[in-house]
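# Descriptive analysis of the structure
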Protein chains: 2
Amino acid sequence: MTSSIYSDYPPQLTPEQQKCLVATLTDWSIAHGLAVRPSPALVSDPLGVLATTAPVTLFPSPFPKRCFEEALGIQTAYNELYSGIARDEEWLGKIVEELAEVDDFIAKLWDTHLAVKRECYAQDLSLGLFRSDYMIHIDHATPNSNPELKQVEFNTIASSFGGLSTQVSALHRHVKSTLQGSHANFTRYLFHNPAYRLPPIINQHSFPQNPSISRLAAGLAAAAISYGSPKSSSLELAVLFLVQDPERNVFDQRHLEYQLESEHGIRAYRLPFHRILTDTALAPETRALLYHPPEAPSTAIEITIIYFRAGYAPSEYTHPDAWLARLHLERSAAIKCPSVLTHLAGVKKVQQVLATPGSPHLSRFLRDPAVAQRVQGTFTNIYPLDESEAGLGAQKLALDPETAKGFVLKPQREGGGNNIYRTAITPYLRDKVPKERWKSYILMELINPPSLNNSILRNGKIESGSVIGELGVFGVCLWRNPKGKDGSGEILKNEEAGYLLRTKGRESEEGGVAAGFGSMDSVVLVDM
Amino acid sequence: MTSSIYSDYPPQLTPEQQKCLVATLTDWSIAHGLAVRPSPALVSDPLGVLATTAPVTLFPSPFPKRCFEEALGIQTAYNELYSGIARDEEWLGKIVEELAEVDDFIAKLWDTHLAVKRECYAQDLSLGLFRSDYMIHIDHATPNSNPELKQVEFNTIASSFGGLSTQVSALHRHVKSTLQGSHANFTRYLFHNPAYRLPPIINQHSFPQNPSISRLAAGLAAAAISYGSPKSSSLELAVLFLVQDPERNVFDQRHLEYQLESEHGIRAYRLPFHRILTDTALAPETRALLYHPPEAPSTAIEITIIYFRAGYAPSEYTHPDAWLARLHLERSAAIKCPSVLTHLAGVKKVQQVLATPGSPHLSRFLRDPAVAQRVQGTFTNIYPLDESEAGLGAQKLALDPETAKGFVLKPQREGGGNNIYRTAITPYLRDKVPKERWKSYILMELINPPSLNNSILRNGKIESGSVIGELGVFGVCLWRNPKGKDGSGEILKNEEAGYLLRTKGRESEEGGVAAGFGSMDSVVLVDM
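All values derive from a computational prediction rather than experimental measurement. (Residues numbered from 1 in each chain as written. Chains lettered and ligands numbered in written order. Predicted model: local features only at pLDDT ≥ 70, side-chain atom pairs only at ≥ 80, totals over all residues. Heavy atoms only, no water.)

## Description of the overall build of chain A
A count of helical and extended segments in chain A gives 17 helices and 21 strands. In the structure as shown, chain A presents an accessible area of about 19,900 Å², 51% of it carried by carbon and sulfur atoms. (Helix = DSSP H or I, 4+ residues; strand = E, 2+ residues; numbered from the N terminus. Areas by Shrake-Rupley, 256 points an atom, 1.4 Å probe, with all protein chains shown as cover.)

Given below as structure tokens:
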């Protein structure tokens, strides 16, 4: 996919056309809850009553159909892989214990697991609402090469935007029909103007629906049902959304909550991370997690699932009680989404161990060689920076600015904001990181996404230019953990659960809409 | 219905309960498009990208079930009545021509009709999206009297809030299930607290769904289909929403537009009133209304229906071209919702002529005496202030502060803001209105609504206290006007179309959420 194919996409707009499209987007988005609470930098809103359109692209972005279908198609394999890693304490433990020496956050998570393990886990079910993130890679060294799907990272905790991305796909379908007129067919001119013709490769199957809300909520519902009857008889059962406070991305979460209620009759409560110890208690014997809503403190509600939309970042654990709170939740009989072990399975080091060239580990978790090969095909080369043979080789690559140009240096953290790119890697490692901490980083070959053009609507203003997209595929996986040393547990539910496309300016090196860099997008599938 | 029955409704809230409920309301409303653009007094938003929760009550308000069902049940009779008035040019003309002598706005509307009549109307179909507004009346003079349904006014143009009121009913059902817990039945304690029990008269049928969005959009769709094929061959057909600009209540309108598109495949465009002459033209011969979108000025779209959400107030006609623009639309072959005659049928004077004690006019339009009697039963006494016998009697009532206490004085205007109440009537008439203009006013017996308590959430703040509610019932009516002097036309579609409950503080004398006084509400039906 070379950019020239899409040089006429999206259409150039006259000021009147742009005004019309912006009004279409901003009104539709608010009418359909595709919204965020505005940034304090934009407007002061002490009562928290204002909302604004989530940053979105004006048009859906072209995405290779084959790569999109492959990303969706292998999500169940990825679910199986990471569920397998979370169930393989011995294998995961080796990686984690080495990291724990130099990474206090990972050490604390591991200690939390060990403490609960000593006492015995009170719940053998685990739920993962995962998201595997990819970019399209173009091998510039090989002329006419096909675009390839390459994984950026795999998220095992607090995977966000599944609540809004269903709406973004619907928004772009609305834009399409708005622009084309109700009686027009798909090759009709945009804005009825011959100059703005959609690329002829786009047809009516090019705008796939996105079932992320319904499937993620169905995953929570399946786990809630598997929880069974209340362990403390006659209590109301509910799901607990563990959240940050304040949370600008609250509507993303609320859409899942409303779906859970309207489609499955399951109630959810929201608990800010800092109130865990204030508002919850464990029942004696069963360790059922009892939630006491602040608005009804004498009431106890038994929690079936703790759905983490908070607690994933070290910065959330500054209060001395924070780790006590995490331990408290992990000890409970509630199903954790995710468990501490599943959280740990998402560290970058695991991704690197799987993806380092010649790695033998994938087949341990994916027994079907064909499946393992498909997953392997989405790996870009990732190297450790430790004292292993591969690690020493990678150190050489990183310390030479010429070879470092092709890489990104990543710590073990979730989310963007901490990555070091290209020629900045050499001085960063040399001057900022003590050598004994190098092993907490991974060195990842850069993905070369094709250049596309699009426009992003953010706070009512339009930014246009060269953009790159990152595709996230959601997955739902519910499994039973092995009891003691016996067996390896079993997977009870394993499904692909819709997608997210985030698009950002090409010059930006970081992703994450909440951080203010990216925008939400949807795919328009194109053949190659 | 005495207020004491509901003295424990709504429940008193602790600060924590109120915080929980406000978060529930503000998040749900934005996630479901129950929103308005914020007032400039609240926040500066030059790009028009912010939204906030429409003012709503925390709880649905108790409403007598019998009165609610009667209001819905007689809506088709009201549709028939006002459609009949609009088709009876001779009868309506007598009233209007008298008013026209002292009311320039009405004179201009009538002139517009006469001008088009001289040329012959190009469209014989008319659409009404009506709203009949009521209050509950308690006759304090009669002990233990039943609550009665009394009409406040009948709106024939720009009846608003049908797009949001469906959502308010859904919001209050959500609040109910949120407060009661998913496994609770309807008599379970609010907030799980014995002190906050719902009145036992409330059962699961007490929260009716509100189909206003779907039925109003279905009315527009039926008219669009009746329009038939394009008169200018091969043009795209669409509905035109004539709007104010800026419009804070835009989402109310957009919900109808989206429903029209998603359920009926019918496209709608929005045209600000001041751009009528810029962006539309009449086709020669057929007078088809051709719309040229500013974003595609070389394109012509043939308009099937002009849906007026603007153009109802004299203040919109300050520009010299405004009446030319209204005439231009009325001349067109588009179906007007409403036509000028239908607009004129909504003047207060018509309501007064029908409702003056002893009036013989109702039977002219409602031939079935039983139906006429039901409609009659919703009239409160309304008097003219002209030189007729009834008018001279009313002048006496109005000029004596003691008798004036039981009345409200209304001009011919749509919407609140112009009414004079009780003892203010006497000095107002005497000192501010020349006697020759008195006949443009009507004198209406005050309705005595029962006192209820509720809380209104407005811009994140809560106002609690004694409130009164106003029930609006929407109606859809599509009819064919008589050709020349022959016949009386025929009604093609006649339906009740959901409801609106607006609630305001009892001390306030004016309604209208957009004006900042009222709030949106929904009914919880109670037996008497």
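## So, the relation of the copies chain B and chain A
With an RMSD of 0.0 Å, chain B superimposes on chain A once it is rotated by 180° and translated 0.0 Å along the axis. Here the symmetry operator amounts to a two-fold rotation axis. When you check the interface residues of chain B against chain A, 100% turn up at the interface there too, and the contact is symmetric in its surfaces. (Least-squares fit on C-alpha atoms with pLDDT ≥ 70 in both. Contact = heavy atoms within 4.5 Å.)

## Quick notes on the pattern of salt bridges
With the rule as written, the count across this model stands at 52 salt bridges over all chains. For Glu101 of chain A, the salt bridge goes to Lys439 of chain A, with nearest N and O atoms at 2.8 Å. One end of the pair, Glu101 of chain A, is in the loop between α4 (89-100) and α5 (104-119); the other, Lys439 of chain A, is in the loop between α17 (425-432) and β16 (442-445), and 338 residues separate them in sequence. Exposure remark for Lys439 of chain A: the relative accessible area of 18% places this residue in the buried category. One salt bridge in this structure joins Arg502 of chain B and Glu470 of chain B, with 3.7 Å as the shortest N-O distance. Residue Arg502 of chain B is found in strand β19 (residues 490-505), and its partner Glu470 of chain B is found in strand β18 (residues 461-480); the two are separated by 32 residues along the sequence. With relative accessibility at 13%, the residue Arg502 of chain B sits in the buried group. A residue is classified by how much of its surface remains accessible, and Glu470 of chain B, at 10% relative accessible area, is buried. A network of salt bridges, in which partner residues are shared, links Asp27 of chain A together with Arg37, Arg254 and Glu257 of chain B. (Salt bridge = Lys/Arg side-chain N within 4 Å of Asp/Glu carboxyl O. Buried < 20%, exposed > 50% of the residue type's maximum accessible area, 1.4 Å probe, protein only.)

## A word on the nonpolar core
Core analysis: the biggest nonpolar cluster contains 120 residues, and Leu127, Phe241 and Ile305 of chain A together with Leu127, Phe241 and Ile305 of chain B have the highest contact counts within it. Not counting residues within four places of it along the chain, the set of residues in contact with Phe241 of chain B comprises Leu220, Gln253, Leu256, Glu257, Leu260, Ala268, Tyr269, Arg270, Leu271 and Tyr307 of chain B. Core analysis: the second largest hydrophobic core is formed by 78 residues, Ala71, Ile138, Ala158 and Ala310 of chain A among them. (Core = buried A, V, L, I, M, F, W, Y, C linked by side-chain atoms within 4.5 Å.)

## Section: the side chain of Asn210 of chain B
Residue and element names in this part refer to chain B. By secondary structure assignment, the location of Asn210 is in the loop between α6 (162-180) and α7 (212-227). A polar contact is formed between the side chain of Asn210 and the backbone oxygen of Ser165, at a distance of 3.5 Å. Those residues in contact with Asn210 that sit more than four places away from it in its chain are Ser165, Thr166, Ser169, Gly498 and Tyr499. (Polar contact = N/O pair within 3.5 Å; in protein donor to acceptor, adjacent residues only side chain to side chain.)

## A look at the environment of Ser165 of chain A
Residues and elements named next belong to chain A. One can find Ser165 in helix α6 (residues 162-180). Accessibility expressed as a relative area gives 1% for Ser165, which makes it buried. Sequence separation between Ser165 and Asp252 is 87 residues, and the spatial gap between their C-alpha atoms is 8.5 Å. For Ser165, the side chain forms a polar contact with the side chain of Ser212, separated by 3.1 Å.

## Digging into the side chain of Arg270 of chain B
All names here are of chain B. By the secondary structure assignment, Arg270 is in strand β8 (residues 268-272). Among buried charged residues, Arg270 stands out as having no salt bridge; its nearest opposite-charge side chain is Glu257, 4.6 Å away. At a separation of 3.0 Å, a polar atom in the side chain of Arg270 contacts the side chain of Gln253. In this structure Arg270 touches Phe241, Val243, Glu247, Val250, Gln253, Arg254, Glu257 and Tyr291, once residues within four positions along its chain are discounted. (Lys, Arg positive; Asp, Glu negative; His and termini not counted.)

## Section: the UniProt feature "binding site: Mg(2+)" (unreviewed entry) in chain A
All names here are of chain A. UniProt's feature table lists "binding site: Mg(2+)" (unreviewed entry) at Glu153, Asn155 and Glu414, given in the numbering used throughout. Here Glu153 is to be found in strand β6 (residues 148-155). Classification of Glu153 by relative accessible area gives buried; the value is 10%. Inspection of the secondary structure puts Asn155 in strand β6. (UniProt positions renumbered as here; feature names shortened; annotations may be inferred.)

## Quick look at the interface of chain B and chain A
Note: interface size is frequently given as the accessible area lost on complex formation between the parts. Taken together, the 50 residues of chain B in the interface contact 50 residues of chain A. Approximately 4,100 Å² of surface area, both sides summed, lies buried where chain B meets chain A, with 56% of it carried by carbon and sulfur atoms. The largest contributions to the chain B side of the interface with chain A come from Val49, Tyr258 and Glu295 of chain B, which together make up 15% of the buried area. The tally of links from chain B across to chain A stands at 4 salt bridges. A salt bridge links Arg254 of chain A to Asp27 of chain B; the shortest N-O distance between them is 2.9 Å. Linking chain B with chain A are 14 residue pairs in polar contact (both at pLDDT 80 or more), by the criterion used here. Going through the elements one at a time, α1 (15-31), β2 (50-53), α6, β7 (236-243) and α8 (250-264) of chain B are the ones with two or more residues in the side of chain B that touches chain A. No other element matches α1 of chain B, which puts 10 residues into the side of chain B that touches chain A. Tallied by class, the residues present in the side of chain B that touches chain A amount to 21 nonpolar, 19 polar and 10 charged. Summarising the sheet, strand β2 (residues 50-53) of chain A and β2 of chain B pair through 3 bridges and their orientation is antiparallel. What sits directly across from Leu50 of chain A, in β2 of chain B, is Thr52 of chain B. (Buried area = accessible area lost by both parts, 1.4 Å probe. Nonpolar A, V, L, I, M, F, W, Y, C, P; charged D, E, K, R; others polar. Pairing = 2+ DSSP bridges.)

## Quick word on the sheet that holds strand β16 (residues 442-445) of chain B
Neighbouring strands of a sheet are bound in pairs by backbone hydrogen bonds; such pairs are parallel or else antiparallel. Residues and elements named next belong to chain B. One open sheet accounts for 4 strands, arranged β13-β16-β14-β15; its pairing is antiparallel. The two strands at the open ends of the sheet, each matched to only one other strand, are β13 (382-384) and β15 (420-421). With respect to the sheet, helix α15 (residues 389-399) is in contact with β13, β14 (407-410) and β16, its orientation differing from that of β13 by roughly 105°. Contacts from helix α17 (residues 425-432) reach β14, β15 and β16, with the element oriented near 30° to β14. (Axes fitted to C-alpha atoms, helices over the stretch in contact; angles between N-to-C directions.)

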